[in-house]
Amino acid sequence: MDLVLRSLLENQGKFISGAQIADTVGLSRTAIWKHVQALINDGYGIECTKKKGYRLHTVPTHHLIPEKLSILCTPPLEFFYKPEVDSTNLWAKEVMVRFVKPSLFFTDRQSAGRGRLGRQWESTPGKDIAFSLGLPMNTDVCHYYQYTVLMALAVRSILAASLQTDVKIKWPNDIYINNKKICGILTEMLTEENRLKTLIIGVGININSEPKLPHATSMITISGREYDRHIILSEIINTFFKLMETMDTQGFSPMYEEWKQNLMGLFQAVRIDTGKQIVEGTLEDVNEQGIAIIRSGDHLEHIYSGDLFVAQK
Ligand code: BT5
């Protein structure tokens, strides 16, 4: 973490003296001056005056700034940023095997983003969000779906508030707007003897790109304006942690009920492709373990995973 940049960001728009930064970060004033010159060369807009010190007025927008994210995110988290990585989920898994603190892994360019069943997740470098939240746990593996539900709720609420539009959740883990996918969630676990030791919740959201895929949408496509990815990402993280606190005190049921209220296709005719078979019927329920229950005539079918399609009316 660049502490000089962090000090400037904390005081963005205001002057802060070289001496003050030097005290905070434990470097000489000359070292601060050199560091500021390097930041200016990197694209930061910083006004420097002898009497008043430094004033940060603009930051580059083509890449994420971990220092900015760390100021905006309120939960205690470790931040891991790389300009480019194959998959934040893979990266998080590698690190979280030996690191036991809640951590956020994020990148500007994900070259091999993963979906379920070996599928690909595409994101546009410098425009979208791809992150993985690594959470050390020690609980029964059956609880893992609850955290996917909390993340879906957090993403849903921030997208709904930012776009002022109806946002739906599609079983098992997608976020949809106007029947188009704007976000995918891939939750993975590290386990030991049936105990869930670490949870990795990977989230991809289309923000400032115009997606090329036919059934995809993005925030800019919907509203016509660009978004600060730090703000969207930090609001999602802050909301997710608040939901975890609520779950600790009130249990999972209230979250699950809210999740179901926003579920696409509930009590409607649907088709689920499990990869092995196609199941058609009415989506009766998705239970607290994330199992979809489909009614075909008198028969109830329990489906653990697959792709759901809602029949068009
Ligand atoms: C998902 O899988 O939707 C989970 C995607 C999770 C991506 C995040 S990004 C950060 C973290 N690191 C990773 O490596 N992954 C996670 P699934 O339900 O299998 O959907 C994949 C399908 O969604 C693809 O086969 C495409 O049809 C479609 N798709 C791919 N990219 C998309 C995009 N940007 N927007 C909408 N749809 C997309």
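Keep in mind that this is a model prediction, so the values were computed, not measured.

1. So, the sheet that holds strand E8 (residues 174-177)
- One open sheet accounts for seven strands, arranged E4-E5-E6-E10-E9-E8-E7; its pairing is mixed. Only two strands of the sheet have a single partner each, and these edge strands are strand E4 (78-85) and strand E7 (168-170). Across this sheet, the average inter-strand angle for adjacent strands is 20 degrees, counted without regard to direction.
- Alignment of strand E9 (residues 180-192) against strand E10 (residues 195-205), held across ten bridges, turns out to be antiparallel. Looking at the pairing, Thr-187 lines up with Ile-201 of E10.

2. Notes on the pairing of strand E2 (residues 45-49)
- Pairing geometry for E2 and strand E3 (residues 53-58), over five bridges, is antiparallel. In the strand pairing of E3, Gly-45 is matched with Thr-58.
- A loop of three residues connects E2 with E3, the two strands running antiparallel in sequence.

3. Topic: the site of the ligand
- Taken together, 26 residues lie near the ligand, and Ser-87, Arg-114, Arg-116, Glu-122 and Lys-181 sit nearest.
- In this structure, an oxygen atom belonging to the ligand sits 2.7 Å away from a main-chain N or O atom of Arg-114.
- With respect to the pocket detection grid, the ligand is positioned in the largest pocket.
- Mapped by element, the contributors of at least two residues to the shell around the ligand are helix H5 (88-96), strand E6 (129-140), E9 and E10.
- Residue contributions to the shell around the ligand peak at four residues, all from E9.
- Of the residues assigned to the shell around the ligand, the class counts are eight nonpolar, twelve polar and six charged.

4. Some points on the pattern of salt bridges
- Applying the stated criterion across every chain, the model contains 13 salt bridges.
- A salt bridge links Glu-10 to Arg-6, with the nearest nitrogen and oxygen atoms 3.2 Å apart. One end of the pair, Glu-10, and the other, Arg-6, are both in helix H1 (residues 3-10), four residues apart, so they sit about a helical turn from each other.
- Given a relative accessible area of 44%, Glu-10 falls into the partly exposed group.
- Asp-174 is paired through a salt bridge with Lys-181; the nearest N and O atoms lie 3.1 Å apart.
- By relative accessible area, which is 22% here, Lys-181 ends up partly exposed.
- Via salt bridges that share partners, Lys-93, Arg-114 and Glu-188 belong to a single interconnected network.

5. Some words on empty space enclosed by the protein
- Inspection of the entire model under this criterion finds one cavity of 30 Å³ or more.
- Of the volumes computed, that of the largest cavity is approximately 40 Å³.
- As for the largest cavity, its lining consists of Thr-107, Asp-108, Arg-109, Gln-110, Ser-123, Thr-124, Pro-125, Asp-128, Ile-129 and Ala-130.
- Among the secondary structure elements, those contributing two or more residues to the lining of the largest cavity are strand E5 (103-110) and E6.

6. Some remarks on the side chain of Asn-262
- Tracing the sequence through the fold places Asn-262 in the loop between helix H9 (253-261) and strand E11 (269-273).
- Sequence-distant contacts of Asn-262, that is, excluding residues within four places in its chain, are made with Arg-156, Val-167, Lys-168 and Ile-169.

7. Quick notes on unusual backbone geometry
- Of note, the amide linkage connecting Trp-171 to Pro-172 takes the cis form, showing an omega dihedral of 0 degrees.
- Summarising the element assignment, Pro-172 is placed in the loop between E7 and E8.
- A positive phi angle, near 65 degrees, is found at Asn-179, a position not held by glycine.
- Mapped onto the elements, Asn-179 comes out in the loop between E8 and E9.
- The phi dihedral of Phe-267 is positive, around 65 degrees, even though this residue is not glycine.
- With respect to the helices and strands, the residue Phe-267 is situated in the loop between H9 and E11.
- Under the relative-accessibility criterion, Phe-267 is labelled exposed at 61%.

Calculation criteria
- Residues numbered from 1 in each chain as written.
- Predicted model: local features only at pLDDT ≥ 70, side-chain atom pairs only at ≥ 80, totals over all residues.
- Heavy atoms only, no water.
- Pairing = 2+ DSSP bridges.
- Helix = DSSP H or I, 4+ residues; strand = E, 2+ residues; numbered from the N terminus.
- Axes fitted to C-alpha atoms, helices over the stretch in contact; angles between N-to-C directions.
- Near = heavy atom within 4 Å.
- Polar contact = N/O pair within 3.5 Å; in protein donor to acceptor, adjacent residues only side chain to side chain.
- 1 Å grid on protein atoms, 1.4 Å probe; cavity = no way out; pocket = protein on both sides within 12 Å on 5 of 7 lines; lining within 4 Å.
- Sits in = over half its atoms within 2 Å of the grid points.
- Nonpolar A, V, L, I, M, F, W, Y, C, P; charged D, E, K, R; others polar.
- Salt bridge = Lys/Arg side-chain N within 4 Å of Asp/Glu carboxyl O.
- Buried < 20%, exposed > 50% of the residue type's maximum accessible area, 1.4 Å probe, protein only.
- Points joined across faces, edges and corners; volume = space filled by probe spheres on them.
- Contact = heavy atoms within 4.5 Å.

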